[in-house]
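# Structure at a glance
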Amino acid sequence: MVQTEHIDPTALGLYLVAVVSLPLALSNLWFDGPATDVTKYYPLLGLMIIACGYFAYKANGMFGFVVFALVGAAVALTGLGIDSWCDIAFGLTFVIAIIWSIKLKTPKFLTAICVTTALIFLIVGLMDPQLVGGGDGMRYLLGIVALFNFIENFFLATALATEGKVLPII
């Protein structure tokens, strides 16, 4: 076992986001499946993601702190029933995180995660019947984007957790 001074919470935060993304993807791609409310545990998962942000702050990871705090807040509030305009606001905020990620030259997968996260919140917001609406096309689009978000988060989390020994860090 490797001893470290402190543990980077990024891998855990990414795994938690993956856990949020997969049920969202499956529930939107598998229409005839069991009727479940995938947002049931979002408040708890959101708080856990916020905690990862706090520990990223303690480890001097300012980008991780801000992004995990935003993602955690967005996930928790989604579970509590925020409205479409809040989803759109979070989506636009993640667009700013994309720009910041590019300027910081973070790994490409991290920028891709910011892109799919922004798209998820923008799509969820636009699915409001008073805006674009939530037809089958929008559900499939949300499901596909959430599936990519799961894959990206799971891949990067595994690469970080294994220090690139299982999956190369891109």
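Here the structure is shown first, and the text comes after it.
In what follows, the accompanying structure is described. Since this is a predicted model, take the numbers as computed values, not measurements.

### A short note on the nonpolar core
With 34 residues, the main nonpolar core has Ile49, Val71 and Phe94 as its most contacted residues. Elements that contribute at least two residues to this core include exactly α1 (10-29), α2 (42-58), α3 (62-80), α4 (84-104), α5 (108-126) and α6 (136-161). If you tally residues by element for this core, the top one is α5, at seven residues. For Val71, the contacting residues outside a window of four places in its chain are Val17, Ile49, Phe94 and Thr117.

### Focus on the side chain of Ser84
Considering the arrangement of structural elements, one finds Ser84 in helix α4. What Ser84 contacts, discounting residues up to four positions off in sequence, is Gly125, Asp128 and Leu131.

### A word on the packing of aromatic side chains
Within this structure, the stated rule accounts for nine aromatic pairs. Plain terms: the ring middles of Tyr54 and Phe55 are 5.2 Å apart, the flat faces sit at 70 degrees to each other, and that makes the pair edge-to-face. A relative accessible area of 43% places Tyr54 in the partly exposed class. Among the aromatic residues, those joined into a cluster by ring pairs are Tyr15, Phe150 and Phe154.

What counts, and where the lines are drawn
- Residues numbered from 1 in each chain as written.
- Predicted model: local features only at pLDDT ≥ 70, side-chain atom pairs only at ≥ 80, totals over all residues.
- Heavy atoms only, no water.
- Core = buried A, V, L, I, M, F, W, Y, C linked by side-chain atoms within 4.5 Å.
- Buried < 20%, exposed > 50% of the residue type's maximum accessible area, 1.4 Å probe, protein only.
- Helix = DSSP H or I, 4+ residues; strand = E, 2+ residues; numbered from the N terminus.
- Contact = heavy atoms within 4.5 Å.
- Phe/Tyr/Trp six-rings, centres within 6.5 Å; stacked < 30°, edge-to-face > 60°.

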